[in-house]
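# Close look at the chain arrangement
Each chain, written out:
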Amino acid sequence: MKKCAIGLVRLYQRLLSPLFPPSCRYSPTCSNYMIQSIERHGLKGILMGLARILRCHPWSKTGFDPVPDHFSLKSHLEENEEIGNGDHF
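What you are looking at is a predicted structure, and each value in this text was computed from that prediction instead of being measured. (Residues numbered from 1 in each chain as written. Predicted model: local features only at pLDDT ≥ 70, side-chain atom pairs only at ≥ 80, totals over all residues. Heavy atoms only, no water.)

A few words now on helix α1 (residues 2-16). For α1, which comprises 15 residues, the first-to-last C-alpha distance of 21 Å matches the rise-based estimate of 21 Å (1.5 Å per residue) to within 8%. Those residues of α1 lying buried are Ala5, Ile6 and Val9. The buried residues of α1 occupy an angular sector of 95° when projected down its axis, which confines them to one face. Exposed residues pointing more than 90 degrees away from the buried face of α1 are listed as Lys3, Leu8, Arg14 and Leu15. For α1, the secondary structure elements touched by its buried residues are α2 (30-41) and α3 (44-55). (Helix = DSSP H or I, 4+ residues; strand = E, 2+ residues; numbered from the N terminus. Expected span 1.5 Å × (residues − 1). Buried < 20%, exposed > 50% of the residue type's maximum accessible area, 1.4 Å probe, protein only. Arc of directions from axis to C-beta. Contact = heavy atoms within 4.5 Å.)

Written out as structure tokens, the structure reads:
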């Protein structure tokens, strides 16, 4: 089942994605996030990927939002900003 879900995402990446301009606000892209979350969390990863797609809109923050080690539907973007650049006084 995991291979089937990942196959569908790869099919999207090869056939549909090239037809549209790049618009993902996060790194990794939403489709790569979906693949990584399925590989790491199994079918629950699909829910994580869908939650990520819903967060990817013009009014959201942008940046590095990796797949977490533990199942979660929230963004980990803020956690990375706090760890970030070391400019804390």
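Still to come is the rest of the account.
This part takes up a nonpolar patch on the surface. A cluster of nonpolar side chains, contributed by Leu8, Leu11, Tyr12, Leu15, Leu16, Leu19 and Phe20, occupies part of the molecular surface with about 760 Å² of accessible area. On the secondary structure map, leucine 8 appears in helix α1. The class for leucine 8 is exposed, based on a relative accessible area of 55%. (Patch = residues over 30% accessible without salt bridge, like charges linked within 9 Å, V, L, I, M, F, W, Y side chains within 5 Å. Areas by Shrake-Rupley, 256 points an atom, 1.4 Å probe, with all protein chains shown as cover. Salt bridge = Lys/Arg side-chain N within 4 Å of Asp/Glu carboxyl O.)

With that settled, the discussion passes to the packing of aromatic side chains. Scanning the model with the defined rule gives zero aromatic pairs in all. Across from the ring centre of phenylalanine 71, 5.1 Å away, lies the NZ or CZ of lysine 44, which sits over that ring. (Phe/Tyr/Trp six-rings, centres within 6.5 Å; stacked < 30°, edge-to-face > 60°. Lys NZ or Arg CZ within 6 Å of the ring centre and 35° of its normal.)

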